[in-house]
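What follows is the residue order along each chain.
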Amino acid sequence: MSESGAPRAGWLDLVRGGRGVFTVLLNLAVIVHGVNTFVLSTVMPSVIADIGGAAYYAWPAMVYLIGTIVGASGGAPVRAALGRRRGYVASGLVFVAGSAVAALAPNMALLLAGQLLQGFGGGLLLSQTMALVREIYEGALRGRILAAINAAWVAAAMIGPAEAGLFAAIDWWRGAFWAAIPLALLVCALAWRYVAPSGEPGRRSGFPLRRLALVAAAVMCVAAAGQIDSVPAGIALVIASCLLVRLTLGLDGKSDNPIYPRHALSPFTDVGAAYWMFMMLAVTQVAPAIFLPLLLGVLHDVPALWLGYYNMLMSFAWSAGSLAFAHVTGRETTRWAILAGFAISTIGLAGMAAGVAGHPLWLLALWSIVIGFGIGISNVLAITWTMSIAATGEETLTASAIPALRSLGLAFGAAATGLVANAAGLGDATDPGNVTRALTAVFAFCALAPAIGLAMTVLSFAANAGRANG
């Protein structure tokens, strides 16, 4: 299936040589999952008004995240059990089932069940997508398809709220979930028609239910940490989550059907340090995504209509960074480009931390662009690097686990920034003085993430050089 991509391959090569349908398929799969990520927050007020459950307002988003991480972690065993084609189709059908349950839900309990299924199916799709990227695209083409997928995320961020807002306006929030089904079925149909059945069932040593349950428990702990006001209790939950992740990795390393590569989070191995790069990139994006609207609304009186557009600046810059550096190949060029991306993001977050109260709107917008551009550079090249250094026999596993580790970074980042904000005295987020102090601390804290990413990049390349020389 895989075709060799020359270093100077152009964008049109994504649709040549039989790759066009796969380019469409992979981007559609990302949009299916991504749109629903942005739909939920828009329709939740309508959901609560219809079926009640105000006390559980934040739960649907939380269980969707849990489902996504568990699904992304389970991508490799699903593929091993069902094969390449059937694994992809089954992932899409799980998402369809979750959408139908959510659309039909008469109460909050069933809506949560639907969101869990949707998230699980979406996570499986992301995992299968990364596996196919590794198998079908090589060389410079791999960077280009990953940049295209990043652009698909931006498209999802634009489509999701607009679509959900339309259904909320006509007082039919269920339509937002029904609307996801035709596109998901199209993904299933394309996968069934074009994804080769080679690689059909191989390992049959049992599905890793215990390890996936531990992953779910870890995400529940860290998600709960971001929802409570008590800083000590939040820290305890984060520690519990870390211990559960460590237990999962320990059990996984002894299994004959692993869900992660060996030494998945060891900073002293090339792949392990690369996974830390993804987690730090995820933490880097959390603070602007969550707290920039608060900063603009409370300290600068920006109307609610415009808050989303400020957040979109980072997404567009992220896509621009990915597109601009997607062609980069070669070990040294890749290393320096990844380091540059992390350095740019560090500067952006430090600038935002330094100017929470004093910087004008245009400068805050510029810092968002700088952060997003840096993330875009590092993200696309970190993925291509990680896929290229996978251990023999773990190539597909290494690629398919990338979305899970990145999503786990988002969960920990959201919890950590929430704890920092509460510890710094955010309070009810209405007093300008409290908001200024809290957000200065949050952005300064998150500036550490890309700085750590710099160190992990150095460690990953050094460990890989040592492995090659050994």
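Residues numbered from 1 in each chain as written. Predicted model: local features only at pLDDT ≥ 70, side-chain atom pairs only at ≥ 80, totals over all residues. Heavy atoms only, no water.

Considerations on the overall build of the protein
A tally of helices and strands in the protein yields 17 helices and 0 strands. With respect to the three principal axes, the spread of C-alpha positions in the protein is 60 × 50 × 45 Å. The burial tally for the protein puts 56% of its 470 residues in the buried class. A sequence separation of at least 24 residues applies to 83% of the contacts in the protein between residues at least 6 apart. (Helix = DSSP H or I, 4+ residues; strand = E, 2+ residues; numbered from the N terminus. Buried < 20%, exposed > 50% of the residue type's maximum accessible area, 1.4 Å probe, protein only. Contact = heavy atoms within 4.5 Å.)

Comments concerning helix H3 (residues 75–82)
Counting buried positions along H3 yields 6 of 8 residues, so the element is predominantly enclosed. Within H3, burial applies to Gly75, Ala76, Pro77, Val78, Arg79 and Ala80. Following H3 by one or two positions, Gly83 adopts a phi angle in the positive range, close to 95 degrees.

Observations concerning the pattern of salt bridges
Going through the model one piece at a time under the given rule, you end up with 8 salt bridges. Its salt-bridge partner being Asp13, residue Arg16 comes within 3.4 Å of it at the nearest N-O pair. Overall, the relative accessible area of 18% leaves Asp13 in the buried class. For Arg174, the salt bridge goes to Asp50, with nearest N and O atoms at 3.6 Å. With Arg174 in helix H7 (residues 174–178) and Asp50 in helix H1 (residues 20–51), this pair connects stretches of sequence that are 124 residues apart. We classify Arg174 as buried; its relative accessible area is 19%. Exposure remark for Asp50: the relative accessible area of 45% places this residue in the partly exposed category. (Salt bridge = Lys/Arg side-chain N within 4 Å of Asp/Glu carboxyl O.)

Some remarks on the packing of aromatic side chains
Inspection of the entire model under this criterion finds 6 aromatic pairs. Both rings, one in Trp173 and one in Phe177, keep their centres 6.0 Å apart while their planes meet at 85 degrees; by these two values the pair is edge-to-face. The same class applies to Trp173 and to Phe177, which are both buried. An angle of 45 degrees between the planes, with centres 6.3 Å apart, marks the rings of Tyr275 and Phe278 as tilted. With Tyr275 and Phe278 both in helix H11 (residues 270–300) and 3 residues apart, this pair spans about one turn of that helix. Judged by relative accessible area, Phe278 falls into the buried class, the value being 0%. Geometry around Trp192 places Arg85 over its ring, the cationic atom sitting 5.2 Å from the centre. (Phe/Tyr/Trp six-rings, centres within 6.5 Å; stacked < 30°, edge-to-face > 60°. Lys NZ or Arg CZ within 6 Å of the ring centre and 35° of its normal.)

Notes on the packing of helix H6 (residues 140–169) against helix H14 (residues 361–388)
Between H6 and H14, whose axes approach to 9 Å, the crossing angle comes to 135 degrees. Considering their axes alone, H6 and H14 lie oblique with respect to each other. Considering how the two elements wind past one another, H6 and H14 form a crossing that is right-handed. Between H6 and H14, the contacting residues are Arg142, Gly143, Leu146, Ala147 and Asn150 on the first element and Asn379, Val380, Ile383, Thr384, Met387 and Ser388 on the second. Its residues assigned to classes, the contact of H6 with H14 comprises 5 nonpolar, 5 polar and 1 charged. (Axes fitted to C-alpha atoms, helices over the stretch in contact; angles between N-to-C directions. Parallel < 35°, antiparallel > 145°, perpendicular 65-115°, else oblique. Left-handed = near helix turned anticlockwise from the far one by under 90°. Nonpolar A, V, L, I, M, F, W, Y, C, P; charged D, E, K, R; others polar.)

Topic: a nonpolar patch on the surface
Taken together, the side chains of Leu104, Leu166, Ile170, Trp172 and Trp178 present a nonpolar region at the surface, about 530 Å² in accessible area. Tracing the backbone shows Trp172 in the loop between H6 and H7. Of the residues examined, Trp172 reaches a relative accessible area of 41% and is grouped as partly exposed. (Patch = residues over 30% accessible without salt bridge, like charges linked within 9 Å, V, L, I, M, F, W, Y side chains within 5 Å. Areas by Shrake-Rupley, 256 points an atom, 1.4 Å probe, with all protein chains shown as cover.)

Here's the deal with the layout of surface pockets
Counted as a void, the second largest pocket has a volume near 680 Å³. Surrounding the second largest pocket, 33 residues form its lining, Val245, Leu249, Leu265, Trp276 and Met279 being those nearest its centre. For the lining of the second largest pocket, the elements supplying multiple residues, two or more each, are helix H10 (231–253), H11, helix H16 (402–423) and helix H17 (432–469). Examining the composition of the lining of the second largest pocket, we find that 7 residues originate from one element, H10, more than from any other. Along the lines of polarity and charge, the residues of the lining of the second largest pocket split into 23 nonpolar, 6 polar and 4 charged. (1 Å grid on protein atoms, 1.4 Å probe; cavity = no way out; pocket = protein on both sides within 12 Å on 5 of 7 lines; lining within 4 Å. Points joined across faces, edges and corners; volume = space filled by probe spheres on them.)

Examining the environment of Ile369
Here Ile369 lies in helix H14. For Ile369, a relative accessible area of 34% puts it in the partly exposed group. Taking the C-alpha atoms as reference points, Ile369 and Gly348, separated by 21 residues in sequence, lie 8.1 Å from one another. Discounting residues that sit within four places of it in the chain, Ile369 has contacts with Leu313 and Ala317.

Notes on the side chain of Thr417
Take Thr417: it is sitting in helix H16. What makes Thr417 buried here is its relative accessible area of 0%. Reaching out from Thr417, the side chain makes a polar contact with the backbone oxygen of Gly413 at a distance of 2.9 Å. For Thr417, the contacting residues outside a window of four places in its chain are Val286, Phe291, Val442, Phe445 and Cys446. (Polar contact = N/O pair within 3.5 Å; in protein donor to acceptor, adjacent residues only side chain to side chain.)

Here's the deal with the environment of Ser73
Mapped onto the secondary structure, Ser73 falls in helix H2 (residues 59–73). Judged by its relative accessible area of 1%, Ser73 is buried. Not counting residues within four places of it along the chain, the set of residues in contact with Ser73 comprises Leu212, Val215, Ile259, Tyr260 and Ala404. Within polar-contact distance, the side chain of Ser73 engages the backbone oxygen of Ile69 at 2.8 Å.

What to know about the packing of H10 against H16
Taken N-terminus to C-terminus, the directions of H10 and H16 make an angle of 160 degrees; their axes are 10 Å apart at the nearest point. For the element pair H10 / H16, the angle class is roughly antiparallel. In terms of crossing hand, the pair formed by H10 and H16 is left-handed. Between H10 and H16, the contacting residues are Val231, Gly234, Ile235, Val238, Ser241, Cys242 and Val245 on the first element and Leu408, Phe412, Ala415, Leu419, Asn422 and Ala423 on the second.

Considerations on the environment of Gly348
You can see Gly348 is positioned in helix H13 (residues 331–354). Taking relative accessible area as the criterion, Gly348 reaches 0% and is therefore assigned buried. Between the C-alpha atom of Gly348 and that of Gly466, which follows or precedes it by 118 residues, the distance is 33 Å. Sequence-distant contacts of Gly348, defined by excluding residues within four places in its chain, comprise Trp367, Val370 and Ile371.

On their own, these measurements won't tell you what the molecule is for.
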